[in-house]
Amino acid sequence: LTIFPDDFNDLAASAIWQQDLNSAQENLHTLTRLCLLEAFPPLTENNAITTAKSEEETGENDLLPQKEPSESQNKPAQEARRYHLHKQARLIANSRLTHEERVAGIRRHAKHFEEVLREANKQEMMDEGVGQALFDEEWSNIKAGQSWAMQQLMALQNGKEQEKQQEKEQKDHLAIAL
C-alpha cells in the first residue's frame, strides 16, 4: 500500500495485492481496525449513535467505532470507502520492501490506474460528469502511475542509446586496432 501517493479504494488495493475483492476488503478492514489505515468516509452521525448505544450496552469502548452491518452486508468492509495509509505505517512498510517487490507493486499500480483512466474516459463519453468525477477522485494515483510509466520508457530509451554508444565505441576500437 506504500505505492499509493494518497488515498485509494478497495479495488485499487485488490489490484496491488493481486487478491479478489472480498479478500482485499477483509484485509483493509483488519488494517483499519489495527489503526494502520484511516478509512473514509469518516464516522457519521448514524454510526456514531449505533456505536454509543453498543458501548452503553456492553460497557466496552472500541478503538475504531464500526457501523453494524445490515443483513445484506456480511463483510464489514463492503461499504464504498477510501483508505489512507498512516505516515508511520508507510515508512515502516516502505523500508521492508525489496527492490523487486517495489517495482512489481508500482507496475501493478500503473496498470490498474491506466484501466481506471480508460474507464473514466468511457464513462465520460456515455454520461457527462460521471467520468470526470472518477478522474478527479483518482487523479493523484493516475498521475503517479503515468509518471512511473514515463520513467520506465525514458530508462529504456537511455539503455538503447547507451547500447548504441557502446557498439559504436567497440567498432571504433576495432577499426583502430586493425
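None of these values were measured; they are calculated from a predicted model.

1. Considerations on the sheet that holds strand β1 (residues 8-9)
Line of reasoning, step 1. Here 3 strands make up an open sheet; going across it, the order is β1-β3-β2 and the pairing antiparallel. With one partner strand each, in any of the chains shown, β1 and β2 (37-40) form the two edges of the open sheet.
Line of reasoning, step 2. Of the pairings in the sheet, the one linking β2 to strand β3 (residues 82-85) comprises 4 bridges and is antiparallel in character. Each residue of the ladder has a partner; that of F40, found in β3, is R82.
Line of reasoning, step 3. Packed on one face of the sheet, helix α2 (residues 21-33) meets β1, β2 and β3 and runs near 115° to β2.

2. A few points about the packing of aromatic side chains
Line of reasoning, step 1. Under the criterion given, the structure shown has 4 aromatic pairs.
Line of reasoning, step 2. On the basis of an interplanar angle of 90° and a centroid distance of 6.3 Å, the ring pair of F4 and F113 is categorised as edge-to-face. One end of the pair, F4, is in the segment before β1; the other, F113, is in helix α5 (residues 99-126), with 109 residues separating them in the sequence. The pair formed by F4 and F113 is uniform in burial state, with each residue classed as buried.
Line of reasoning, step 3. Centroid distance F135 to W139: 5.1 Å. Interplanar angle 40°. Geometry classified as tilted. In this pair, F135 and W139 both sit in helix α6 (residues 130-177), 4 residues apart, roughly one turn of the helix.

3. Regarding helix α1 (residues 10-17)
For an α-helix, the turn length of 3.6 residues means that residues three or four places apart are oriented alike.
Line of reasoning, step 1. D10, A12, A13, S14 and I16 are the residues of α1 that are buried.
Line of reasoning, step 2. Turning to α1, the residues buried within the fold contact β1, α2, β3 and α5.
Line of reasoning, step 3. Two or three places before L11, at the start of α1, stands the capping residue N9, its side-chain oxygen 3.2 Å from that residue's backbone nitrogen.
Line of reasoning, step 4. Q18 sits one or two positions beyond α1 and adopts a positive phi of about 55°.

4. Details of the environment of F135
Line of reasoning, step 1. Assessed through its relative accessible area of 24%, F135 is described here as partly exposed.
Line of reasoning, step 2. Between the C-alpha atom of F135 and that of R118, which follows or precedes it by 17 residues, the distance is 9.6 Å.

Thresholds, definitions, all that
- Residues numbered from 1 in each chain as written.
- Predicted model: local features only at pLDDT ≥ 70, side-chain atom pairs only at ≥ 80, totals over all residues.
- Heavy atoms only, no water.
- Pairing = 2+ DSSP bridges.
- Helix = DSSP H or I, 4+ residues; strand = E, 2+ residues; numbered from the N terminus.
- Contact = heavy atoms within 4.5 Å.
- Axes fitted to C-alpha atoms, helices over the stretch in contact; angles between N-to-C directions.
- Phe/Tyr/Trp six-rings, centres within 6.5 Å; stacked < 30°, edge-to-face > 60°.
- Buried < 20%, exposed > 50% of the residue type's maximum accessible area, 1.4 Å probe, protein only.
- Polar contact = N/O pair within 3.5 Å; in protein donor to acceptor, adjacent residues only side chain to side chain.

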